[in-house]
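A look at the structure
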Amino acid sequence: QQNIFSVCNEVRNTTCRRVDGIIAAALFISFIFVSLASVLGYLTFGDNICSDVLKGYPSSSVVAVTRLLYSLLALFSYPLQIHPSRASALALMDLVRPSAGGAHRWAVVTLLELIGSLLIAITVMDLGKVLGVVGATGSTMVSYILPGIVYVQTFRTFHAKRLLALGQLLLGCIIMPVF
């Protein structure tokens, strides 16, 4: 989602149809691989599955290669995640203090994000708990809170749908801390 602008800039002869095709292909490929991993994990362990599926398998060359491939995935996807994060942080900093720092500010934000993610990686022993918190907060924000905020800010005159959007926003603010 956050890299769609970079993808659009890289497509030759960018059209809405071509970008939609790229998005559909990426979603389909992701769906296939995630579904395959989920089904194989469930078929192997049933209801006794761990939050880290690879920890449940015995040590073997196949599992070692799979761990290596997951490591490569994390290694190469990290820059794709850090780029929009850093751009957002720099944009927020520009709102407070415009154009101060330049390359120095870029380096400091990058270093802070790298150190922060390294500390999290070193201290967290069970990634399942982190993913649970991230999933719960992220899905609540995307499903309840953000649509309510956008609708209320877009349509300022009072009507029934605006009241429903306020209710959805309030429900999201209640659900997030509870779950």
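Before reading further, recall that the structure is shown in the block above.
Residues numbered from 1 in each chain as written. Predicted model: local features only at pLDDT ≥ 70, side-chain atom pairs only at ≥ 80, totals over all residues. Heavy atoms only, no water.

Things to note about helix 4 (residues 61–96)
Keep this limit in mind: Secondary structure elements are taken from DSSP: a helix is a run of H or I of four residues or more, a strand is a run of E of two residues or more, and numbering for both begins at the N terminus. Multiply 1.5 Å by the residue count of a helix minus one, and that product is the helix's expected span. Axes are fitted to the seven residues ending at a residue and to the seven starting at it; the angle between these axes is taken as the bend at that residue. Here the term buried applies to any residue with accessible area under 20% of the maximum for its type, exposed to any over 50%, and partly exposed to those in between, with areas from a 1.4 Å probe on protein chains only.
Taking 1.5 Å as the rise per residue, helix 4 with 36 residues should run 52 Å; its terminal C-alpha atoms sit 52 Å apart, in good agreement. The largest bend in helix 4 amounts to roughly 30 degrees and is located at S77, with the proline P79 lying one to four residues further along. Of all the residues in helix 4, the buried ones are V63, I82, P84, R86 and L90.

Some points on the packing of aromatic side chains
Condition: Classification of ring pairs rests on two measures: the distance between centres of Phe, Tyr or Trp rings, Trp counted by its six-membered ring, which must be within 6.5 Å, and the angle between planes, read as stacked under 30 degrees, edge-to-face over 60 and tilted in between.
A full pass over the atoms with the stated rule returns one aromatic pair. Measuring from centroid to centroid gives 4.6 Å for Y151 and F155, while their planes differ by 40 degrees, and the two rings are tilted. Given a relative accessible area of 40%, F155 falls into the partly exposed group.

What to know about the pattern of salt bridges
To keep things clear, this is the line we draw: Here, a salt bridge means any Lys or Arg side-chain nitrogen found within 4 Å of an Asp or Glu carboxyl oxygen.
Summed over all chains, the structure comprises one salt bridge. With its nearest N and O atoms 2.7 Å apart, the salt bridge here joins D94 to R105. Of this pair, D94 sits in helix 4 while R105 sits in helix 5 (residues 103–123), placing them eleven residues apart in sequence. Taking the relative accessible area as the measure of exposure, D94 reaches 36% and is therefore partly exposed.

Some remarks on the environment of T140
Operational definition: Contacts: residue pairs with any heavy atoms within 4.5 Å of one another. Each polar contact in these results corresponds to two N or O atoms within 3.5 Å; when the atoms are within protein, one needs to be able to donate a hydrogen and the other to accept it, and residues that are neighboring in sequence are counted only if both atoms are side-chain atoms.
With respect to the helices and strands, the residue T140 is situated in helix 6 (residues 127–154). Residue classification places T140 among the buried positions, given a relative accessible area of 7%. Along the primary structure T140 and G41 are separated by 99 residues, whereas in three dimensions their C-alpha atoms are 27 Å apart. In contact with T140, not counting residues within four places along its chain, are I145, G172, I175 and M176. Among the polar contacts listed, one links the side chain of T140 to the backbone oxygen of A136, at a separation of 2.6 Å.

Brief notes about a nonpolar patch on the surface
Inclusion rule: The patches reported here contain residues having more than 30% relative accessible area and no salt bridge. Joining distances are 9 Å for like charges and 5 Å for nonpolar side chains (Val, Leu, Ile, Met, Phe, Trp, Tyr). Residue burial considers only the protein chains on display, and all accessible areas are found by Shrake-Rupley using a 1.4 Å probe.
Residues F28, I29, F31, I32, F33, L36, V39, L40 and L43 make up a contiguous nonpolar surface patch of roughly 960 Å² in combined accessible area. As for its placement among the helices and strands, F33 is situated in helix 2 (residues 16–45). Assessed through its relative accessible area of 57%, F33 is described here as exposed.

Quick notes on unusual backbone geometry
It is generally the case that most residues other than glycine have a negative phi and that most peptide bonds are trans. For N13, which is not glycine, the phi dihedral falls at a positive 50 degrees. Overall, the relative accessible area of 63% leaves N13 in the exposed class.

Section: the packing of helix 4 against helix 5
Note the cut-off: Note on definitions: angles span 0 to 180 degrees between N-to-C directions of axes, and those axes are lines fitted to C-alpha atoms, for helices only across the stretch in contact. An angle below 35 degrees is treated as roughly parallel, one above 145 as roughly antiparallel, one from 65 to 115 as roughly perpendicular, and anything else as oblique. Crossing handedness is read from the near helix: turned anticlockwise from the far helix by less than a right angle, it gives a left-handed crossing, and turned clockwise, a right-handed one. Note on residue classes: Ala, Val, Leu, Ile, Met, Phe, Trp, Tyr, Cys and Pro are nonpolar, Asp, Glu, Lys and Arg are charged, and everything else, Gly too, is polar.
One way to put it is that helix 4 packs onto helix 5 with a least axis distance of 10 Å and a crossing angle of 130 degrees. When the axis of helix 4 is compared with that of helix 5, the two are oblique. When you trace helix 4 past helix 5, the crossing you get is right-handed. Touching Y78, I82, S85, R86, A89, L90, M93 and D94 of helix 4 are R105, W106, V109, T110, E113, L114 and S117, all from helix 5. Class assignment of the residues belonging to the contact of helix 4 with helix 5 gives a composition of eight nonpolar, three polar and four charged.

Looking at the side chain of R86
We count it as follows: Residues scored as charged are limited to Lys and Arg (positive) and Asp and Glu (negative), so that His and the chain ends carry no count.
Here R86 is to be found in helix 4. Look at R86: it is buried, it has no salt bridge, and the nearest opposite charge is E113 at 6.0 Å. Excluding residues that lie within four positions of it along the chain, R86 makes contacts with W106, V109, T110 and E113.

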